[in-house]
Amino acid sequence: MTIDTQTLSRTLADKAGARLEMWLSICSRCGMCAEGCHYYASNPRPEHVPAFRVKPLVDLYKKRGQVDATVLETLRDVCYGTCTMCQRCTMYCPHGIGIAALVHAARGVAVAMGLTPPGLAKGLENALEFGNNLGVTEDDFLETVEWQLEELQEEMPFARAPMDKEGAEFLLTFHPRDIKFYPQNLFNYLKLYNAAGIDFTMSSKAWDSTNLGLFAGDVAKASRLAANVADTAERLKVKALITAE
Amino acid sequence: MIHVVYNFAVGPMVWLAFTICITGLAYRLIRYRRKAVAAKKGLPGDFRTTWAVRSMLYYLLPLNRTAKSSPWSTVAGFALHIPLLVVAFFLSAHVIMLEQSWGVAWPTIPDVWADVLTIIALAALGFLALKRLLHPALRGLTEPKDLLVLLLVALPLLTGLAAHRQWGDYPLMLTLHVLSANILLMLIPFTKLSHMALFFVSRAATGSDFGKRQVGAW
């Protein structure tokens, strides 16, 4: 792999915000963050100490981007492979270092260098094309909602599942997995919201509560995905958005 | 010869050390501020001051979850920082030197206290070094400079104690003490030791963030 050094140094400069610079320079690798990490809890290896995830980024900045491909591949493997960005480590860090934010920045470097892991890149493509990361079409979504609503109405005749209704109080969003593989979960959601008697709506276009752009570290795509849902919420004039999980 | 070195170390070098330490840390703080302000331009202010202050307090005192999850390291941390600062500021020899050159003085601690505190601090440094070398996960995480920085802090303590207890050659120990303390001061802004100032900034930033989510500030 050849490295586009210009893109790399531009990305590094873009990401070097106040906090990133500070956090990279004060992480003392004391290892106390390990106590908060579920990777470390299940397998206490040095690579599973959250502070370890900061190393490739420190390395990159110290060498001002003058690195070979193995450094970037290590960065990708460490930052995508050993972190879910849950931020528990920050609660255990005596310095209060936002390790997840650093991992996010490192992933952003990987994205800029074309190193997004293939599975994640595919989901992200789906999300941008279909509005959800599993590539569920609008017809399939509407059909699944209709099907689950019919089932629900057998035990709850008054149940409703409003679609694209303006002025409702809440806009519901779901994990695409629930729609595609576990429609029973959609059934349960609808049952819950109907039983609670809240004024809600769904959107036929923007119902994915996940943001793989954010997870991948791709800020531009993350913004587009977030805007998709946020703009819909504004157009439908809802008061609040309910996200899954 | 040793007197020439000593005179340089307690004279111009002290000025140099404090100048580098203070301007270096000030530069880091100003740089942070400028970058943070530039990034926030045009956005509404959302800093949670109360949460930021609470976050600092909960970590300046052992009132946080880390104190429970890593009790020994927490003890070592306090056993290092408190004696280090108390001895640096309140040792009679230090205050006397300041009084001789600037005419300002404040109360001091008995010298025997200083000895005990120094030994406690050295023991804490020893614990932290051993933990780095023996704890399997931490050993894999440790880089040589992580141990060097502990040595950097240990040297002024060790030589100061040796000078006071008259171990070895007194003029040599005293000169080494002043030299190593000057070097420590000069390196603070450029090493992990910059947490001396940035600890407060980082805790404030994170404490404020936690405040926005209404979780704990610690």
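These figures come from a predicted structure and were not determined experimentally.

K.L.:
Would you explain the overall build of chain B in this entry?
P.N.:
If you tally the helices and strands in chain B, you get 11 helices and 0 strands. The N-to-C order of helical and strand elements in chain B reads α-α-α-α-α-α-α-α-α-α-α. For the C-alpha atoms alone, the extent of chain B along its principal axes is close to 60 × 40 × 35 Å. Burial statistics for chain B: of 218 residues in total, 38% are counted as buried. The long-range share in chain B, meaning contacts at least 24 apart out of those at least 6 apart in sequence, stands at 67%. Per element, the accessible surface of chain B, about 12600 Å² overall, is 75% carbon and sulfur. The distance from the centre of the 20 positive side-chain charges to the centre of the 8 negative ones in chain B is 17 Å.

K.L.:
Explanation requested: the interface of chain B and chain A in the structure shown.
P.N.:
Size of an interface, as often reported, equals the accessible area lost when the parts are brought together. The partner chain A presents 35 residues to the 36 residues of chain B that form the contact. On the chain B side of the contact with chain A, B:Arg65, B:Leu141 and B:Lys192 bury the most area, a combined 21% of that side's loss. The salt bridge partner of A:Lys55 is B:Glu143, with a shortest N-O separation of 3.2 Å. Our enumeration of links across chain B and chain A arrives at 20 residue pairs in polar contact (both at pLDDT 80 or more). For the side of chain B that touches chain A, the secondary-structure elements that each account for two or more residues are α2 (12–40), α4 (65–69), α8 (136–141), α9 (144–164) and α11 (195–212) of chain B. In terms of residue count, α11(B) provides more of the side of chain B that touches chain A than any other element does, 10 residues in total. Here the side of chain B that touches chain A is composed, by residue class, of 13 nonpolar, 11 polar and 12 charged.

K.L.:
For this particular structure, what's the right way to read the side chain of A:Arg29?
P.N.:
Take A:Arg29: it is sitting in the loop between α2 (18–26) and α3 (38–42). Each residue touching A:Arg29, except ones within four places of it in the same chain, is listed here: A:Ala51, A:Lys55, B:Arg132, B:Leu138, B:Leu141, B:Glu143, B:Lys145, B:Asp146 and B:Lys192.

K.L.:
I tried to follow the sheet that holds strand β3 (residues 240–242) of chain A on my own but got confused; where do I start?
P.N.:
Backbone hydrogen bonds are what pair the strands of a sheet, in a parallel or an antiparallel way. Residue and element names in this part refer to chain A. Pairing is parallel in the open sheet, where 3 strands are placed in the order β2-β1-β3. The two strands at the open ends of the sheet, each matched to only one other strand, are β2 (200–201) and β3. In the sheet, strand β1 (residues 170–172) pairs with β2 via 2 bridges, with the strands oriented parallel. Paired with Leu-171 across the strands is Thr-201, a residue of β2.

K.L.:
What am I meant to see in the environment of A:Glu150 here?
P.N.:
All names here are of chain A. By secondary structure assignment, the location of Glu-150 is in helix α9 (residues 138–155). Judged by its relative accessible area of 48%, Glu-150 is partly exposed. Sequence separation of Glu-150 and Thr-243 is 93 residues, and the distance between their C-alpha atoms is 23 Å.

K.L.:
Please clarify how the environment of A:Tyr189 should be interpreted in this entry.
P.N.:
Residue and element names in this part refer to chain A. By secondary structure assignment, the location of Tyr-189 is in helix α11 (residues 183–196). Under the relative-accessibility criterion, Tyr-189 is labelled partly exposed at 21%. Between the C-alpha atoms of Tyr-189 and Asp-59, which are 130 residues apart in sequence, the distance is 46 Å.

K.L.:
Can you help me understand the domain arrangement of chain A in this one?
P.N.:
Residue and element names in this part refer to chain A. Domain boundaries in chain A define domain 1 (5–115) and domain 2 (120–242). For domain 1 and domain 2, the distance between their C-alpha centroids amounts to 32 Å. Taken together, the contact pairs 8 residues of domain 1 with 7 residues of domain 2. Roughly 570 Å² of surface becomes buried between domain 1 and domain 2 when both sides are summed, with 62% attributable to carbon and sulfur atoms. Among the residues domain 1 hides against domain 2, the three largest losses belong to His-104, Arg-107 and Val-111. Together they make up 58% of the total. Taken together, the links from domain 1 to domain 2 amount to 0 salt bridges. At the junction of domain 1 with domain 2, the criterion picks out 3 residue pairs in polar contact (both at pLDDT 80 or more).

K.L.:
What's the story with the side chain of A:Lys55 in this structure? I'm lost.
P.N.:
Mapped onto the elements, A:Lys55 comes out in helix α4 (residues 55–62). Not counting chain neighbours up to four residues away, the residues in contact with A:Lys55 comprise A:Arg29, B:Gly140, B:Leu141 and B:Glu143.

What counts, and at which threshold
Within each chain, residues carry numbers counting from 1 in the order of the written sequence. Note on labels: chains are lettered from A, ligands numbered from 1, in written order. Per-residue local features are limited, in this predicted model, to residues with pLDDT of at least 70; the limit for side-chain atom pairs, both in listing and counting, is 80 or more; totals at the level of whole chains, interfaces and linings are taken over all residues. To get the side-chain values, take all heavy atoms of the structure and skip hydrogens and water. The way it works is that DSSP assigns letters per residue, a run of H or I at least four long becomes a helix, a run of E at least two long becomes a strand, and they are numbered from the N terminus. Each residue's exposure class comes from its accessible area (1.4 Å probe, protein chains only) as a fraction of the maximum for that residue type: buried when under 20%, exposed when over 50%, partly exposed otherwise. Contacts were defined at the residue level, with two residues in contact if any of their heavy atoms lie within 4.5 Å. Here the open area of atoms and residues is found with the Shrake-Rupley method and a 1.4 Å probe, where only the protein chains shown may cover a residue. In summary, the charge assignment counts Lys and Arg as positive and Asp and Glu as negative, without counting His or the chain termini. Charged side chains are reduced to one point each, which is NZ for Lys, CZ for Arg, CG for Asp and CD for Glu. For any pair of parts, buried area is found by adding up, for both, the accessible area (1.4 Å probe) each one loses once the two are put together. A pair is scored as a salt bridge if a Lys or Arg side-chain nitrogen falls within 4 Å of a carboxyl oxygen belonging to Asp or Glu. Whenever a nitrogen or oxygen atom comes within 3.5 Å of another N or O atom, the pair is scored as a polar contact, on the condition that within protein one atom can donate a hydrogen and the other can accept it, and that pairs from neighbouring residues in sequence are kept only if both atoms are in side chains. When residues are grouped by polarity, Ala, Val, Leu, Ile, Met, Phe, Trp, Tyr, Cys and Pro land in nonpolar, Asp, Glu, Lys and Arg in charged, and all others, Gly among them, in polar. In short, DSSP must find at least two bridges between two strands for them to pair. Throughout the structure description, domain borders are defined by an automatic or database domain assignment.

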